[in-house]
Amino acid sequence: MKLVRFLENEAVRFGRLEEDIIIELESTGPDLDINRLSGTGRQFETAAVKLLTPCLPSKIICLGLNYRSHAEEMKHPLPKKPIIFLKPSTSVIGTGEPIIYPPQSKRVDYEAELAVVIGQRAYRTAASEALDYVAGYTCANDVTARDKQPKEGQWTYAKSFDTFCPLGPALETGITDPESLVVRGYLNGKLVQEAPTADHYFTVADIIEFVSGCMTLLPGDVILTGTPSGIGSLNPGDSFEVSIEGIGTLVNRVETAGQADLPAGNI
Ligand code: MG
């Protein structure tokens, strides 16, 4: 089942996506709780509403260097333990919303990734049970100001600009094996990234065990599982698509930031 959040008549609503039709569902919470949904009897064409992100994460945990091919292109040795970093909730945008190119950067990159959406509170969860805590999967773009990402030291600044975490379009709940998918990235319609998730260096289950051993994962939280090789730069006017078979396609265009002044230390 493909679950979506959408805006209709200025109200946030939930639904099940079937081709280009959304079957409206009711939820009692602000987020998609797949255990508390029932049909309202209404339906909408997707073109008539605005799709929102399929969840509202309190945090986004990201994997660095989780594909051998990407570690090689970054000339970085493969890690013994997962390298994780956070993106803030304020970086999240939905499909069709613009990625804003920040004035601090001269090199902004795309990174097509599989996103895991947590469905149940998870803390110290063993890998053997970890997938039971997953609500579903969606597409993500881990947009990165590459020139602000030092090889050593923190990555957070480079990864955390507003609009740097496109997510969507739907939350697919029917995937039982997240290591059997293919992630593709298209820059202006041209295929630039393609890899099976079977190439993950750390599996989704391993990642949940590692991350939940440190921090509690809440329903709606998102884990980005890393990008394969083929990363490259985005420029204003570009369009980037992340496409995962069985999940959908996330599309975002790049726009230039407004001319608001920044403090000198931020450049
Ligand atoms: Mg990434």
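Remember, predicted model here, so these are calculated numbers, not experimental data. Throughout this description, residue numbers start from 1 for each chain and increase along the sequence as written. Residues qualify for local features only when their pLDDT is at least 70, as the model is predicted, and side-chain atom pairs are given and counted only at 80 or more; totals for whole chains, interfaces and linings, by contrast, use all residues. Neither water nor hydrogens contribute to the side-chain values; these are computed over all heavy atoms in the structure.

1. Considerations on the domain arrangement of the protein chain
- Residue ranges for the domains originate in an automatic or database domain assignment. With domains assigned, the protein chain is organised as domain 1 (2–51) and domain 2 (60–256).
- Throughout, a contact is declared for two residues whenever any of their heavy atoms are within 4.5 Å. The interface is formed by nine residues belonging to domain 1 together with 12 residues belonging to domain 2.
- Buried area: the sum, over both parts, of the accessible surface (1.4 Å probe) that disappears when the two are put together. Taken together, both faces of the contact between domain 1 and domain 2 bury some 750 Å²; the carbon and sulfur share is 58%.
- Here, a salt bridge means any Lys or Arg side-chain nitrogen found within 4 Å of an Asp or Glu carboxyl oxygen. At the junction of domain 1 and domain 2, the tally comes to two salt bridges.
- Its salt-bridge partner being Lys50, residue Glu97 comes within 3.9 Å of it at the nearest N-O pair.
- We call two N or O atoms a polar contact when they sit within 3.5 Å, provided that within protein one can donate a hydrogen and the other can accept it, with sequence-adjacent residues counted only if both atoms are side-chain atoms. Across the domain 1-domain 2 interface, the total number found is three residue pairs in polar contact (both at pLDDT 80 or more).
- Every element with two or more residues in the side of domain 1 that touches domain 2 is listed here: β1 (2–8) and β5 (50–51). Here a helix means four or more residues in a row that DSSP labels H or I, a strand means two or more in a row labelled E, and each is numbered from the N terminus.

2. Quick notes on the coordination of the magnesium ion
- Bound to the magnesium ion are the protein donor atoms Glu111 (OE), Glu113 (OE) and Asp142 (OD), situated 2.0 to 2.1 Å from the metal.
- Site description for the magnesium ion: donor spacing in sequence, E-x1-E-x28-D. Of this pair, Glu113 sits in strand β11 (residues 112–118) while Asp142 sits in the loop between β12 (134–141) and β13 (144–145), and the two are 29 residues apart along the sequence. Donor selection uses N, O and S atoms within 2.8 Å of the metal (3.2 Å for Na, K and Ca). Since no water is included, sites may look incomplete.

3. Topic: the pattern of salt bridges
- Inspection of the entire model under this criterion finds 16 salt bridges.
- Its salt-bridge partner being Glu172, residue Lys2 comes within 3.0 Å of it at the nearest N-O pair. One end of the pair, Lys2, is in strand β1; the other, Glu172, is in strand β14 (residues 165–172), with 170 residues separating them in the sequence.
- The class of Lys2 is partly exposed, set by a relative accessible area of 24%.
- Here's how the labels work: a residue is buried when its accessible area is under 20% of the maximum for its type, exposed when over 50%, partly exposed in between, all with a 1.4 Å probe on protein chains only. Residue classification places Glu172 among the buried positions, given a relative accessible area of 8%.
- Close ionic contact of Glu194 with Arg184 constitutes a salt bridge, the shortest N to O distance being 2.7 Å.

4. Observations concerning the nonpolar core
- One finds Tyr137, Ile208, Leu217, Ile223, Leu234 and Ile247 to be the most contacted residues of the largest nonpolar core, which totals 43 residues.
- Sort the elements by how many residues they give to this core and helix α4 (residues 204–212) lands first, with five residues.
- The contact partners of Ile247, leaving out residues within four places of it in the chain, are Lys2, Leu114, Tyr137, Thr138, Cys139, Ala170, Glu172, Ile175 and Leu181.
- Working definition of a nonpolar core: buried Ala, Val, Leu, Ile, Met, Phe, Trp, Tyr and Cys residues. They are joined through side-chain atoms within 4.5 Å. Within the second largest apolar cluster, 17 residues are counted, among which are Ile60, Ala140, Leu171 and Val222.

5. As for the packing of aromatic side chains
- The rule is short: rings of Phe, Tyr and Trp, with Trp giving its six-membered ring, pair when the centres are within 6.5 Å, and they are stacked under 30 degrees, edge-to-face over 60, tilted in between. By the definition in use, this model includes six aromatic pairs.
- Ring centres 5.2 Å apart and planes at 55 degrees place the aromatic pair Phe161 and Phe164 in the tilted group.
- Phe161 sits in the buried class, given a relative accessible area of 13%.
- Aromatic rings pair up to connect Tyr157, Phe161 and Phe164 into one cluster.

6. Some details on the sheet that holds strand β16 (residues 190–196)
- When DSSP finds two or more bridges between two strands, those strands count as paired. Taken together, five strands build an open sheet; the order of strands is β9-β20-β19-β15-β16 and the sheet is mixed. In this open sheet, the two edge strands, each paired with only one partner strand, are β9 (99–101) and β16. The average undirected angle you get between the axes of adjacent strands in this sheet is 20 degrees.
- Note: β9 against strand β20 (residues 248–256), three bridges, orientation parallel. Each bridged residue has a counterpart across the sheet, and for Ile99 the counterpart in β20 is Val254. What counts as an axis is a line fitted to C-alpha atoms, over the stretch in contact for a helix, and the angles between N-to-C directions run from 0 to 180 degrees.

7. Topic: the environment of Ile93
- Tracing the backbone through its elements, the reader meets Ile93 in strand β8 (residues 92–93).
- A relative accessible area of 7% places Ile93 in the buried class.
- Excluding anything up to four places from it in sequence, Ile93 contacts Thr53, Pro98, Ile99, Thr163, Cys165, Pro166, Leu167 and Asn252.

8. Overview of the pairing of β20
- Alignment of strand β19 (residues 239–244) against β20, held across six bridges, turns out to be antiparallel. Paired with Ser243 across the strands is Thr249, a residue of β20.
- Counting the residues in the hairpin turn of β19 and β20 gives three residues, including Gly246, whose phi is positive at 85 degrees.

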